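# Understanding the architecture of this molecule
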Amino acid sequence: MQPDWITGLIGGLMIGSAAALFLLVNGRIMGASGLIGGVVDGSGWSNLVERLAFLAGLVGVPALIALATTRPDTHLTGNLLIVAIAGLAVGIGTRMANGCTSGHGVCGISRLSPRGIVATLVYLGVGAATMLIARHVMGVI
């Protein structure tokens, strides 16, 4: 097994464990977009410290791991406009779907939520179609 697969497996186990722990401790679904949205719009200020701690871990742990190990080649484009447009599209899609990959994909599917399963199938399908068009039709990635 190549090291990139092992890294992905470890990352998946960490995300799944974090989602399970968040649900067990707080009784709420771990959705990164919901946690960030509550900080930004003020609706989550009643548990702001908890949200910020979780978000700091979400960003900080991968950063520490990246410093300690060699980073895998991501094949990310060097075109910052494409990266910015992709980020905005993800943000808009997350808002439209009323949740993100961690909320719908990790937590929704594990709870057999029909809404989570459908949302996951839709965003994976749209992501695959977008990649197909951007790479093979437009040649921008």
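Just so it is clear, the structure is predicted and the values come from calculations on it, not from any experiment.

Here the focus is the packing of helix α2 (residues 32–41) against helix α3 (residues 48–68). In a pair of packed helices, the angle between the axes and the distance between the axes together describe the arrangement. Relative orientation of the contacting elements α2 and α3 amounts to 130 degrees, with a least axis distance of 10 Å. Comparing their axes, α3 and α2 come out oblique. For the pair α2 and α3, the crossing hand works out as left-handed. Residues Ala32, Gly34, Leu35, Ile36, Gly38 and Val39 of α2 pack against Leu48, Arg51, Leu52, Phe54, Leu55 and Leu58 of α3. Residue composition of the contact of α2 with α3, grouped by class: nine nonpolar, two polar and one charged.

It is worth spelling out the packing of helix α5 (residues 101–110) against helix α6 (residues 114–137) at this point. Put simply, α5 and α6 touch, their axes get as near as 8 Å, and they point 130 degrees apart. Classed by the angle they form, the pair α5 and α6 counts as oblique. Classified by chirality, the crossing of α6 by α5 is left-handed. Residue-level contacts link Thr101, His104, Gly105, Gly108 and Ile109 of α5 to Arg115, Gly116, Ile117, Ala119, Thr120 and Tyr123 of α6. The class makeup of the residues in the contact of α5 with α6 is four nonpolar, six polar and one charged.

Turning to the confidence of the model for the protein chain, a few remarks are in order. Scored by pLDDT, the protein chain comes out at a mean of 84, with 96% of its residues at no less than 70. When mean pLDDT is compared element by element in the protein chain, α6 scores highest at 89, while helix α4 (residues 80–96) scores lowest at 83.

You will see that Leu112, though not glycine, has its phi angle at about 55 degrees, which is positive. Summarising the element assignment, Leu112 is placed in the loop between α5 and α6. Its relative accessible area of 65% is what places Leu112 among the exposed residues.

What follows is about α6. Count 3.6 residues to each turn of an α-helix, and residues three or four apart come out pointing the same way. A rise of 1.5 Å per residue sets the reference length of α6, with its 24 residues, at 34 Å; its end C-alpha atoms lie 33 Å apart and thus fit the reference within 8%. Residues of α6 that are buried in the fold lie against α5. Looking one or two residues beyond α6, the residue adopting positive phi is Gly139, at roughly 70 degrees.

Moving on, we get to the nonpolar core. The biggest cluster of nonpolar side chains holds seven residues, and these are Ala19, Phe22, Met30, Leu35, Phe54, Leu55 and Cys107. Those elements giving two or more residues to this core turn out to be α1 (3–26) and α3. Among all residues touching Leu55, those that are not within four sequence positions of it are Ala32, Leu35, Ile36 and Val39.

Rules behind the numbers
- Residues numbered from 1 in each chain as written.
- Predicted model: local features only at pLDDT ≥ 70, side-chain atom pairs only at ≥ 80, totals over all residues.
- Heavy atoms only, no water.
- Axes fitted to C-alpha atoms, helices over the stretch in contact; angles between N-to-C directions.
- Helix = DSSP H or I, 4+ residues; strand = E, 2+ residues; numbered from the N terminus.
- Parallel < 35°, antiparallel > 145°, perpendicular 65-115°, else oblique.
- Left-handed = near helix turned anticlockwise from the far one by under 90°.
- Contact = heavy atoms within 4.5 Å.
- Nonpolar A, V, L, I, M, F, W, Y, C, P; charged D, E, K, R; others polar.
- pLDDT = per-residue confidence, 0-100.
- Buried < 20%, exposed > 50% of the residue type's maximum accessible area, 1.4 Å probe, protein only.
- Expected span 1.5 Å × (residues − 1).
- Core = buried A, V, L, I, M, F, W, Y, C linked by side-chain atoms within 4.5 Å.

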